[in-house]
Structures are given as C-alpha cells and as structure tokens.
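A look at the structure
Chain by chain, the residues:
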Amino acid sequence: MEALENVQLFCPYCGESIEILVDRSEGDQDWIEDCSVCCRPMELSVTGTHTGELHVQAHQEND
Ligand SMILES: [Zn+2]
C-alpha cells in the first residue's frame, strides 16, 4: 500500500484548489504549509478515519 497520498483541498485564504502530499505512515498530524498560490501559511490537520480514508482540514494559521 502506498504511504504517500495526494489530497486535494481548498486554501482558506484565496479559495484556490491545491494538492498536498500526505504521508499516511505518520498517522494523525498537524503542520503548517504555505499555499502554492497565495503563499500564505495555512495550518493543516490530518486524521485517518476508521474506513481508512484521510480527512484533511485547512485553517488560517491565526485562527
Ligand atoms: Zn492560497
């Protein structure tokens, strides 16, 4: 099973669709990543569901 998974989400600042690469072997995680479109830092949180799907949320860093 591939540990790296592409996840598509929307930037909380500019609303553009972006793709991030998530390492599933790391489990649940939070990190800061700059939007590739507007370059503002967004806080990403990844959780795995019991069905094996990834649930990714993007927040503005200063929320
Ligand atoms: Zn953006």
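The notes below deal with the structure included here. (Residues numbered from 1 in each chain as written. Predicted model: local features only at pLDDT ≥ 70, side-chain atom pairs only at ≥ 80, totals over all residues.)

**Considering the overall build of the chain**
The following threshold applies: By the criteria applied, helices consist of DSSP H or I runs no shorter than four residues and strands consist of E runs no shorter than two, each listed in order from the N terminus. As a reference, a globule follows 2.2 Å times the number of residues to the power 0.38, and the radius of gyration itself is taken over C-alpha atoms. Burial is judged by counting other C-beta atoms within 10 Å of a residue's own C-beta: 20 or more means buried, 12 or fewer means exposed, and anything between counts as partly exposed, with every C-beta placed from the backbone. Our contact criterion uses C-beta atoms placed from the backbone: two residues qualify when those atoms are within 7 Å.
Scanning the chain from N- to C-terminus turns up zero helices and five strands. When the elements of the chain are put in sequence order from the N terminus, they spell out β-β-β-β-β. Compactness check: the chain gives a C-alpha radius of gyration of 12 Å against a globular reference of 11 Å for 63 residues, within 12% of the reference. Its C-alpha atoms give the chain principal-axis dimensions of about 35 × 20 × 15 Å. Sorting the 63 residues of the chain into buried and exposed places 3% on the buried side. Taking contacts inside the chain between residues at least 6 apart in sequence as the whole, the part at least 24 apart equals 30%.

**Brief notes about the sheet that holds strand β4 (residues 41–48)**
What counts here: The rule for pairing is simple: two strands pair if DSSP sees at least two bridges between them. Axis geometry follows a simple rule: fit a line to the C-alpha atoms, using only the stretch in contact for helices, then measure angles between N-to-C directions, giving values from 0 to 180 degrees.
Pairing is antiparallel in the open sheet, where three strands are placed in the order β3-β4-β5. Lying at the two open borders of the sheet, with one neighbouring strand each, are β3 (29–34) and β5 (54–60). Averaged over all neighbouring strand pairs, the angle between strand axes comes to 25°, with direction disregarded. In this sheet, β4 lies alongside β3 in antiparallel orientation, the contact comprising six bridges. Residue pairing for β4: I32 is matched across the bridge by E43.

**A look at the environment of V22**
Topologically, V22 is positioned in strand β2 (residues 17–23). Linking V22 and N6, residues 16 residues apart in sequence, is a C-alpha distance of 6.3 Å. Setting aside chain neighbours within four positions, we find V22 in contact with E5, V7, V46, L54 and V56.

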